[in-house]
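# Geometric and topological summary
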Amino acid sequence: MDLHTDTLNALDWPVVVQALAQRARTSLGAAAARALAPLPDPEHALRAFDEVDELELLAEAGDDLPIGGIEDIRAEVIGAHKGEVLAGPDLRRVGLTLGTLRELSWFFDRQGERVPRLAERAAAIQIDDVLADDLLMAFDTDGTLSARTYPELGELRRRITDLHANVRETLQQLLRGDALHDLLQDDFVTQRNDRYVLPIKAHAKRWDLGIVHGTSGSGQTVYIEPRQVVELNNRLRLAEAALEQAERRILIQLSAALGRARDEVLHALQATATLDLAVARRALAHALGASRPVVAQQGVIQLRQARHPVLVLREIEVVGNDLSLSAERPALVLSGPNAGGKTVSLKTIGLCALLVQHGCFVPAEPGSRVDFFDAVLASIGDTQTVHDDLSSFSGHLFVLSKMIARAAPGHLLLLDELASGTDPSQGAALAQAVLERLLGQGPRVVLTTHYARLKAMPASDPRFAAAAVEYADGQPTYRVLPDAHGQSHALSIAAKMGLDDALIDRARALMDEGERDLADLLQALDRARAEALEARADARTQAERLAAREAEVARREAKLKNQADALREQAARQYRDRLAQAEQAIRAVVADLQRDPSHARVKAAKASLGALTALAPAPEPEPQQEPPSLRVGDAVKLRKHGTKGMITTLSGGAAQVRAGALHLRVPLSELELDRTQPEARPNPPAARPHRPGPDDPADALRMPSNTLDLRGHRVDESFDEIERFFSKALLAGHGAVFLLHGHGTGALKQAIRKWLPSHPAVSRWGPATSEQGGDAFTIAVLDAP
């Protein structure tokens, strides 16, 4: 018997695990949820809670983890590491996953300060940009290798297409001609052994019309490759073989590159699974209406309006109850009628303890406390087994013996109908002896019972607390009444289940007068207690609502203060950056005047210095005006300062404006058309300003927008591509660009580096550093000619 597994099954824990896995957004996260083991200590549980809170913070800000497109590519990565050559569709799927992993890493680069716990998990996501880009660019959407990335494949495919067309056209001419008219079995072109053939009548195969590649099932037709297409078919097969070899060579290279990155990719996938597990925990908390409990390690449970999670998941309306255990009262005795909710309450306590063990919120009101238990063990339901020759009572005792052997501080034991199924007098005595032994070993114990001896223990032993499920107006209410002793209400339940009145009256008559009076008195006490508890609950609810409103107001005030502090810090950083820009611009103006102190230079310097007023701190915001309809090349004026310039780029709600020697990013709402200037056209501008590049090309950051892939191009083609790319880069304001020529024979790299110094737009150039991609790239720092 595996007591731990039996406990999980008895508490319906697999249902909760399945609900958690279903709420993961990736197969990796779902697998992690299904394999989730109890956490080692409360610190790990609190960390899991922090991650859920951080996800909630992101959701409140409208942000979401870009995690949905990540697939489980572990088998492909491990196979590539072993030397396997992956198929195109598999490599494309790997590339898409690596691209999404990279986006996830970039997301935490931006948001990491707000969500430090999640960012710490995401730190393991380190994706090689070159590998990701190579895989993403290598394939078309159907998984075939891209002719755009690999031009040699495009040439081979065009040659094959032409040869197919030539062969078919030649055969069509034969079909239309007279030479084979009487010999054709049918009027169509087909293939046998990957060779184009014609269906010829069987008797004509002796006439040496060509090569026979097979016969029909009936033997009436032979498939002949006419002599006129043999050479074309040979050239076609050679071209197809060359294409297959070229594609396999590329797949081998890509697979090998992936295999070399095995460790970092597997670490990134593991980190993703952990992040997705946090996503699933948050989603489960929402489904359960759960809250974050207080967690310590003192064996305390203080659940407020707790609900059974499995019943909540089944969308059954569940009555919430307050349930508690403490160091002073480490045992809770639940009593009351059958089908009144005793076992549901016992399971609720156990499931809440398991949820905390696994880093999940509990379905209870805020302010609840569920301490971390090292083990949760339960004896619930019938343990009768024919295989082991155990009756229900014997099976129950077998489980009890194992629980007694394992009971220790930090354990939570759940005992349903302790020592039932035997003589009530002996069973009650045995149950009391078991409880006394267990409490001496230090665990927390929750039990349900009908035994009067056990229900009376809280009155004589301060270690026991009592609670009873309510039974009112002839039916259970499923409410748990603290400090109450529940009656079994056997006669009332029997009447409700249809037993006739004569039987019920006879049973009451068989009870002695004292038993009847006691039962009637207890029922009256139960009704009075229920009314008092309801009034107290109403008062507490009102107080809690008021306290919750006050806490929400305080939380919102703190949030607003934090946001204001963050905005002030952001504004300060922006001002420091703009001040640095101004200082740099002033140095440029002074240097320009020192080189050429002419009248024209002085006038240009005044214009440039006037534009620097745009870098000063902004005054109080004015009422927003509708942004004008602007386009690249328009002459504009800054509303607040009167500085004039020309729009060079538009992005979102802002524009890049060239004002003298400065380049300013200005919201569209702060711009207006300069009606005093003739309309400018953006293509091409009359003169390009200086694009300040990095002082050292090694400081440049490579991105898709400033990188040109020249692999597969001839040298003369490359120069034309570079010219067009430089023009676009200058218009886009890129100070440094990257040329990806690869290694190959080295001819293309040498030609480019020999040509660059003569280009009027290139002020500096050099090979890329290892961090930028290595010698496969050349960096060029641009300046307008």
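Rules used in this analysis
- Residues numbered from 1 in each chain as written.
- Predicted model: local features only at pLDDT ≥ 70, side-chain atom pairs only at ≥ 80, totals over all residues.
- Heavy atoms only, no water.
- Helix = DSSP H or I, 4+ residues; strand = E, 2+ residues; numbered from the N terminus.
- Buried < 20%, exposed > 50% of the residue type's maximum accessible area, 1.4 Å probe, protein only.
- Contact = heavy atoms within 4.5 Å.
- Salt bridge = Lys/Arg side-chain N within 4 Å of Asp/Glu carboxyl O.
- Pairing = 2+ DSSP bridges.
- Axes fitted to C-alpha atoms, helices over the stretch in contact; angles between N-to-C directions.
- Phe/Tyr/Trp six-rings, centres within 6.5 Å; stacked < 30°, edge-to-face > 60°.
- Lys NZ or Arg CZ within 6 Å of the ring centre and 35° of its normal.
- Patch = residues over 30% accessible without salt bridge, like charges linked within 9 Å, V, L, I, M, F, W, Y side chains within 5 Å.
- Areas by Shrake-Rupley, 256 points an atom, 1.4 Å probe, with all protein chains shown as cover.
- pLDDT = per-residue confidence, 0-100.

Here we come to the overall build of the protein chain. Check the secondary structure of the protein chain and you find 23 helices and 22 strands. The 785 residues of the protein chain split such that 43% are buried. Relative to all contacts within the protein chain whose residues are 6 or more apart in sequence, the contacts with residues 24 or more apart total 68%.

Moving on, we get to the pattern of salt bridges. Under the criterion given, the structure shown has 43 salt bridges. A salt bridge links D72 to R74; its shortest N-O distance comes to 2.8 Å. You can call D72 partly exposed: its relative accessible area is 27%. Residue classification places R74 among the partly exposed residues on the basis of a relative accessible area of 37%. Note that R753 and D775 form a salt bridge whose closest N and O atoms lie 3.0 Å from each other. Of this pair, R753 sits in helix 23 (residues 747-755) while D775 sits in the loop between strand 21 (762-767) and strand 22 (777-782); the two residues are 22 residues apart in sequence, bridging distant segments of the chain. Through salt bridges with shared partners, one network takes in R47, E51, E120 and R121.

The subject of this paragraph is the sheet that holds strand 6 (residues 321-325). Spatial strand order, 6-5-8: 3 strands in an open sheet with antiparallel pairing. Each having just a single partner strand, strand 6 and strand 8 (369-370) make up the two edges of the open sheet. With 4 bridges connecting them, strand 5 (residues 301-306) and strand 6 associate as antiparallel partners. The partner of L303 across the bridge, within strand 6, is L323. Most of the contacts of helix 13 (residues 342-357) go to strand 5, to which it runs at about 115 degrees, and overall it touches strand 5, strand 6 and strand 8.

Another aspect to go through is the packing of aromatic side chains. The final tally for this structure, using the stated rule, is 3 aromatic pairs. Ring centres of F49 and F361 lie 5.3 Å apart, and the angle between their planes is 75 degrees; this geometry places the pair in the edge-to-face category. Linking F49 in helix 4 (residues 42-60) with F361 in the loop between helix 13 and strand 8, this pair joins segments that are 312 residues apart in sequence. Classification of F49 by relative accessible area gives buried; the value is 0%. F361 sits in the buried class, given a relative accessible area of 10%. For the ring pair F107 and F108, a centre distance of 5.4 Å and an interplane angle of 90 degrees mean the geometry is edge-to-face. Of the two residues, F107 and F108, neither departs from the other in class, the shared state being buried. The side chain of R192 reaches across the aromatic face of Y223, ending 4.0 Å from its centre.

Strand order in this open sheet of 4 strands is 1-2-4-3, and the pairing throughout is antiparallel. Looking at strand neighbours, the two that pair on one side only are strand 1 (190-192) and strand 3 (210-215), the edges of this open sheet. On average, each strand axis in the sheet is inclined to that of its neighbour by 50 degrees, with strand direction left out of account. Examined bridge by bridge, strand 3 and strand 4 (residues 221-226) share 4 bridges and lie antiparallel to one another.

Residues L96, L136 and M137 make up a contiguous nonpolar surface patch of about 220 Å² in total accessible area. Given a relative accessible area of 36%, M137 falls into the partly exposed group.

Our next topic: unusual backbone geometry. The backbone phi angle of N193 is positive, close to 55 degrees, even though this residue is not glycine. Overall, N193 belongs to the exposed group, its relative accessible area being 56%. One non-glycine residue, Y478, lies in the positive phi region at around 65 degrees. Tracing the chain through its elements places Y478 in strand 13 (residues 475-482).

For the protein chain, per-residue confidence averages 84 on the pLDDT scale, and residues scoring 70 or more make up 84% of the total. Confidence, read as mean pLDDT per element, is least for helix 21 (residues 599-611) in the protein chain (56) and greatest for strand 8 (98). Scored below 50 in pLDDT, residues 618-626 shows 5 contacts in the model against residues more than four places distant or in partner chains. Confidence drops under a pLDDT of 50 for residues 680-693, and excluding neighbours within four residues, the segment shows 31 contacts in the predicted structure.

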